[in-house]
Amino acid sequence: GQNIDQPTEMTATEGAIVQINCTYQTSGFNGLFWYQQHAGEAPTFLSYNVLDGLEEKGRFSSFLSRSKGYSYLLLKELQMKDSASYLCAVRVMGNDYKLSFGAGTTVTVRA
Amino acid sequence: GAGVSQTPSNKVTEKGKYVELRCDPISGHTALYWYRQSLGQGPEFLIYFQGTGAADDSGLPNDRFFAVRPEGSVSTLKIQRTERGDSAVYLCASSLGRQETQYFGPGTRLLVL
């Protein structure tokens, strides 16, 4: 399988910025996804990167470096509702329907 | 439109019993997936359907687990002779095609006593 590493927990203050890193080791890389999951709820799609660079979508941005096996999710202007688990997932060629997830990073936003 | 729905939302059963978990994908989505998520972990792939057929069931842990999708829409995950280790959240996802973004349902929380 793929080795996908994310920090377990992060804490930040409302209005601040938080960067969640994800590193992966895989052959045949074919895309990386970020999902948000509130406790007891479904994972919801945030972003997709397959080429190097930054994808910006409102307060959330995602970056990918294929050569380094590295991605980050940047959350700006943090709001209390951003408290959730953030899951990094990769897929590989040949099995491009199958997502391999990291364990998730729990972000707690404090007032 | 409606998202992926799963029933029941919670299921408590006794060791050795049989359970069925149901998934209704987003209308028009041909690809359907089952994942299992244990506490503090990310979802783990179980099985992928393209249409009615199971294109990849390599993630099913053993032969007590089986899934069907007879008409290419609703899917049922079946677990025989449940064990305490089967306790987890079972997530279903669907997508327009195999390479498209997967949209997840709220999951079924299974507890085996």
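No experiment lies behind these values; they were computed from the predicted model shown.

Caption draft 1: Looking closely at the pairing of strand β11 (residues 108-112) of chain B. Residues and elements named next belong to chain B. Residues Thr-108, Leu-110 and Val-112 line the buried face of β11, whereas the alternating positions Arg-109 and Leu-111 sit on a face that is not buried. Bridging between strand β2 (residues 10-13) and β11 involves 4 bridges; their strand directions are parallel. By the bridge assignment for β11, Asn-10 is matched with Arg-109.

Caption draft 2: Up close: the sheet that holds strand β1 (residues 3-5) of chain A. Residue and element names in this part refer to chain A. As summarised here, the arrangement of the 5 strands in space is β1-β3-β8-β7-β6, forming an open sheet in which the pairing is antiparallel. The open sheet has two free edges, formed respectively by β1 and β6 (53-57), since each of these has just one partner strand. On average, each strand axis in the sheet is tilted by 15 degrees relative to the strand beside it, whichever way the strands run. Note that β6 and strand β7 (residues 60-65) share 5 bridges and pair antiparallel. Residue pairing across strands places Glu-55 opposite Ser-62, the latter belonging to β7.

Caption draft 3: Quick peek at the interface of chain A and chain B. Of the residues lining the interface, 20 residues belong to chain A; the matching set on chain B comes to 21 residues. Together, the buried faces of chain A and chain B total about 1,600 Å²; carbon and sulfur atoms form 51% of this surface. Counting every contact that joins chain A to chain B gives 2 salt bridges. The salt bridge partner of Asp-56 of chain B is Lys-98 of chain A, with a shortest N-O separation of 3.7 Å. Counting every contact that joins chain A to chain B gives 9 residue pairs in polar contact (both at pLDDT 80 or more). Listed by contribution, the elements that provide at least two residues to the side of chain A that touches chain B are β4 (29-37), β9 (84-92) and β10 (95-101) of chain A. The class makeup of the residues in the side of chain A that touches chain B is 10 nonpolar, 6 polar and 4 charged.

Caption draft 4: Here's a closer look at the pattern of salt bridges. In total, this model carries 7 salt bridges over all chains according to the counting rule given. Residues Glu-56 of chain A and Lys-76 of chain A are paired through a salt bridge, measuring 3.5 Å at the closest nitrogen-oxygen approach. Of this pair, Glu-56 of chain A sits in strand β6 while Lys-76 of chain A is found in the loop between β8 (70-75) and β9, placing the two residues 20 residues apart along the sequence. Between Arg-64 of chain B and Glu-83 of chain B there is a salt bridge whose closest N-O contact spans 3.6 Å. Linking Arg-64 of chain B in the loop between β6 (53-56) and β7 (65-68) with Glu-83 of chain B in the loop between β8 (75-79) and β9 (88-95), this pair joins segments that are 19 residues apart in sequence. What makes Glu-83 of chain B partly exposed here is its relative accessible area of 40%. Each of Arg-64, Glu-83 and Asp-86 of chain B takes part in a single network of salt bridges with overlapping partners.

Caption draft 5: Local environment of the nonpolar core. Counting residues in each nonpolar core, the largest one holds 21 residues, and the members touching the most others are Ile-20, Tyr-24, Leu-32, Trp-34, Leu-73, Leu-75 and Tyr-86 of chain A. Those elements giving two or more residues to this core turn out to be β3 (18-25), β4, β7, β8, β9 and β11 (105-110) of chain A. Excluding residues within four positions of it along the chain, Leu-73 of chain A makes contact with Val-18, Gln-19, Ile-20, Trp-34, Leu-46, Ser-47, Ser-61, Ser-62 and Tyr-86 of chain A. Counting 19 residues, the second-largest nonpolar core is a separate cluster that includes Trp-34, Leu-60, Leu-77 and Tyr-90 of chain B.

Caption draft 6: Region of interest: the sheet that holds strand β1 (residues 5-7) of chain B. All names here are of chain B. Strand order in the open sheet formed by 4 strands is β1-β3-β8-β7, and the pairing between neighbours is antiparallel. With one partner strand each, in any of the chains shown, β1 and β7 form the two edges of the open sheet. The mean angle between the axes of side-by-side strands here comes to 15 degrees, regardless of whether they run parallel or antiparallel. Relative to β8, strand β3 (residues 19-24) is paired through 5 bridges, and the arrangement is antiparallel. Considered in β8, the bridge of Val-19 is made with Ile-79.

Criteria and thresholds
- Residues take numbers from 1 onward in each chain, read along the sequence in its written order.
- By the order in which they are written, chains take letters starting at A while ligands take numbers starting at 1.
- Local features are withheld for residues below a pLDDT of 70 in this predicted model, meaning they are given only at 70 or higher, and side-chain atom pairs are given and counted only at 80 or more; totals for whole chains, interfaces and linings count all residues.
- Only heavy atoms go into the side-chain values, all of them from the structure, while hydrogens and water stay out.
- Each residue is placed in one exposure class: buried if its accessible area under a 1.4 Å probe, protein chains only, is under 20% of its type's maximum, exposed if it is over 50%, and partly exposed if it falls in between.
- Here a strand is any run of E in DSSP of at least two residues, a helix any run of H or I of at least four, and the numbering for each starts at the N terminus.
- By the convention used here, strands pair only if DSSP detects at least 2 bridges between them.
- Simply put, an axis is a line fit to the C-alpha atoms, just over the touching stretch for a helix, and the angle between two N-to-C directions goes from 0 to 180 degrees.
- Contacts are assigned to residue pairs that have any heavy atoms within 4.5 Å of one another.
- Here the quantity called buried area is the total loss of accessible area, with a 1.4 Å probe, experienced by two parts when brought into contact, counted for both.
- Put simply, a salt bridge is a Lys or Arg side-chain nitrogen that is within 4 Å of an Asp or Glu carboxyl oxygen.
- Within 3.5 Å is the distance limit for a polar contact, defined as a pair of N or O atoms, with the added protein rule that one can donate a hydrogen and the other accept it, and that residues adjacent in sequence qualify only through two side-chain atoms.
- Note that Gly is not counted as nonpolar here; it falls among the polar residues with everything else outside the nonpolar set of Ala, Val, Leu, Ile, Met, Phe, Trp, Tyr, Cys and Pro and the charged set of Asp, Glu, Lys and Arg.
- Note on terminology: a nonpolar core comprises buried Ala, Val, Leu, Ile, Met, Phe, Trp, Tyr and Cys residues joined through side-chain atoms within 4.5 Å.

Geometric descriptors of this kind do not, in isolation, establish any biological role.
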